[in-house]
Amino acid sequence: MKILNFDELYEKYKNGNATDEECEYVEAEIAKARRLAAIIDEQDGKRVIEPAKEEQVKKSVLGFMRHTKRRVALIATISLILLIAIGIGSFYGFAAIKASNRSVCDRDEAIELVKKWMHNTHEGIDLNDIRVIEVDTDLALHHGFSKVFFEYDVEIEYKGEEYEFWINSASGEIRLVDRD
């Protein structure tokens, strides 16, 4: 018999092209490999790898399924929250753009409107005596997008008294809200 490596002999064996002598050799090698595997698997009478018990397999599968369901629920919840946040952000972003386009006054002009109002309603007022405490800008939505504008909340102090005004940026309308 010509000496071939085992891989070549095994291919001939699988294809049915091996001689009787080659078949005996391959089968003997397979038998040796099985005996070696059995020796390795059993050390001191114990199997290295025990077959899985059906109840352990079921328990593991159920645990995996619960874990997977939790992950899917978490991912779905996060995705939903992100979609809502994107929707709200888009809505207010478009509203802010529309409010900017409709504005007839900005923050600084709102402060000047308040000072003019104070000058017109208080005789002999010195505008330098007016101290601006705070100016907040709010997005006002009335009837959806049809009446959207910025509303400036301007707080000032004059001679120890505090005044709070709301200014509609779309119309320039000014309202005295509070006086302390």
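Report on the accompanying structure. Residue positions are counted from 1 within each chain, in the order its sequence is given. Side-chain atom pairs in this predicted model are given and counted only at pLDDT of 80 or more, local residue features only at pLDDT of at least 70, and totals for whole chains, interfaces and linings cover all residues. To get the side-chain values, all heavy atoms of the structure are used, and hydrogens and water are removed first.

1. Notes on the environment of valine 104
- Comment: elements are numbered from the N terminus, with helices defined as DSSP H or I runs of at least four residues and strands as E runs of at least two. Checked against the element boundaries, valine 104 lands in the loop between helix H3 (54-102) and helix H4 (107-121).
- Among the residues examined, valine 104 registers a relative accessible area of 52% and is labelled exposed.
- For the pair valine 104 and glutamate 29, spaced 75 residues apart in sequence, the C-alpha separation works out to 95 Å.
- Contacts are assigned to residue pairs with any non-hydrogen atoms lying within 4.5 Å of each other. Residue contacts for valine 104: discarding those within four places in its chain leaves Glu109, Ser169, Ala170, Ser171 and Gly172. A 1.4 Å probe rolled over the protein chains alone gives each residue an accessible area, and that area as a share of the maximum for its type sets the label: buried under 20%, exposed over 50%, partly exposed in between.

2. Things to note about the packing of helix H1 (residues 6-15) against helix H2 (residues 20-41)
- What counts as an axis is a line fitted to C-alpha atoms, over the stretch in contact for a helix, and the angles between N-to-C directions run from 0 to 180 degrees. Orientation of H1 relative to H2, taken along the N-to-C sense of each, is 115°, at an axis distance of 10 Å. Overall, the two elements H1 and H2 adopt an arrangement that is roughly perpendicular. Read as a crossing pair, H1 and H2 show a hand that is left-handed. Residues Phe6, Leu9, Tyr10, Lys12 and Tyr13 of H1 form the contact with H2, whose own contacting residues are Glu22, Cys23, Tyr25, Val26, Glu27, Glu29 and Ile30.
- Class assignment of the residues belonging to the contact of H1 with H2 gives a composition of 8 nonpolar, no polar and 4 charged. An angle below 35 degrees is read as roughly parallel, one above 145 as roughly antiparallel, one from 65 to 115 as roughly perpendicular, and any other as oblique. The sense of a crossing depends on the near helix, which, turned anticlockwise from the far helix by less than a right angle, makes the crossing left-handed and, turned clockwise, makes it right-handed. Any residue outside Ala, Val, Leu, Ile, Met, Phe, Trp, Tyr, Cys, Pro, Asp, Glu, Lys and Arg is labelled polar, Gly included; the first ten of those are nonpolar and the last four are charged.

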